[in-house]
Amino acid sequence: MPEFDACCDPAELLDLSGRKGLVVGIANDRSLAWPAALHFRQAGAELAITYVDERTKPHVVPLAARLEAPILLPCDVNAPHELDAVFDAITDRWGKLDFILHAVGSVPPGDLHGRLTDCSAAGFSQAMHVSVQSLIRMAHLAEPLMKSGGSLIILSYLGGERVVENYNVMGPVKAALEATVRYLAHELGPSNIRVNAISAGPVMTRAASGLTGFAGLLDATARVAPLRRNVTADEVGRAALLFASEYTGGITGEVLHVDAGVHVESPVAAAKMNVKSEES
């Protein structure tokens, strides 16, 4: 049982003061990683922020400034050495790392919009590399910096568990990502490093804007989900904050559904709902 000198003053709050975190996956202020980063910072954490390329940099720079991020670097996980350079900078400045938010994924449009059956080897390889292998590499680089333990937080989607109409190649990729979460949790647990995924419901993000029929998916989700609504990016961000804190110190290898409960419902035929889905 917890021991308190008196109940219940002061109020107990999530506090990440002194913690150092890396957020990979902010493209603009509509990215799911953005509200998570805001919550991390509001709780007192100091953050390293990355942007994928020069095209996204102008959108990310003011956000990093708002977060007072002392480290802002490019990180295209397909580019040799960029991820290593980020961890070198973290090592030089902090010498430690407490948590990572991994929120990246990419697949060529032709492979995303086409059937899994017709997916190219190159497209499948790119999708797996960006979503899955990059997480494995981050875990490898983070392990020596998490000397007192840490938390890896990964964003996923229901299409990794069930067939979601038109989710196509990203379904198997997300399934592989969630399997990777479990294996990393097994391997890193003895070092007190927790590895968990958040399966977020559909939210209108930059990634979602390139996918077919997203408005229909939002409408169908709101009608089917037990809460009869869609989730917000802020709700996903608050879940990430929880995983970065010690409040989830006993949880690892988990996939937490932040999706208004839609994952518990029986599948509804896409034809009946007139839905085409896309990545959240």
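Residues numbered from 1 in each chain as written. Predicted model: local features only at pLDDT ≥ 70, side-chain atom pairs only at ≥ 80, totals over all residues. Heavy atoms only, no water.

### Notes on the UniProt feature "binding site: NAD(+)" (unreviewed entry) in the chain
Thought 1: Listed under "binding site: NAD(+)" (unreviewed entry) in the UniProt record, and renumbered for this structure, are G25, D76, V77, V104, K174, V203, M204, T205, R206 and A207.
Thought 2: With respect to the helices, strands and loops of the structure, M204 is situated in the loop between β6 (193-200) and α7 (206-209). (UniProt positions renumbered as here; feature names shortened; annotations may be inferred. Helix = DSSP H or I, 4+ residues; strand = E, 2+ residues; numbered from the N terminus.)

### Let's talk about unusual backbone geometry
Thought 1: If you check the backbone angles, N166 has positive phi at about 70° while not being a glycine.
Thought 2: The exposure class assigned to N166 is partly exposed, which follows from its relative accessible area of 27%. (Buried < 20%, exposed > 50% of the residue type's maximum accessible area, 1.4 Å probe, protein only.)

### Points about the side chain of T50
Thought 1: Among the structural elements, T50 can be located in strand β2 (residues 46-51).
Thought 2: Judged by relative accessible area, which is 2%, T50 ranks as buried.
Thought 3: Once residues within four sequence positions are removed from consideration, T50 is found in contact with L22, V23, V24, G25, I26, V60, L73, C75 and V86. (Contact = heavy atoms within 4.5 Å.)

### What to know about the pattern of salt bridges
Thought 1: Here the structure, examined in full by the defined rule, presents nine salt bridges.
Thought 2: R19 is paired through a salt bridge with E246; the nearest N and O atoms lie 3.7 Å apart. Note that R19 is positioned in the segment before β1 (20-24) and E246 in the loop between α9 (233-244) and β7 (255-258), a separation of 227 residues in sequence.
Thought 3: Here K96 makes a salt bridge to D98, at a shortest N to O gap of 3.2 Å.
Thought 4: Given a relative accessible area of 30%, K96 falls into the partly exposed group. (Salt bridge = Lys/Arg side-chain N within 4 Å of Asp/Glu carboxyl O.)

### Notes on the nonpolar core
Thought 1: Core analysis: the biggest nonpolar cluster contains 86 residues, and F40, F87 and L97 have the highest contact counts within it.
Thought 2: Discounting residues that sit within four places of it in the chain, F87 has contacts with L22, L97, I100, M138, L141, A142 and L145. (Core = buried A, V, L, I, M, F, W, Y, C linked by side-chain atoms within 4.5 Å.)

### With respect to the UniProt feature "active site" (unreviewed entry) in the chain
Thought 1: Under the UniProt annotation, "active site" (unreviewed entry) lies at Y157 and Y167.
Thought 2: Within the secondary structure, Y157 sits in the loop between β5 (150-156) and α6 (170-188).
Thought 3: Residue classification places Y157 among the buried residues on the basis of a relative accessible area of 4%.
Thought 4: Turning to its location among the elements, Y167 is positioned in the loop between β5 and α6.

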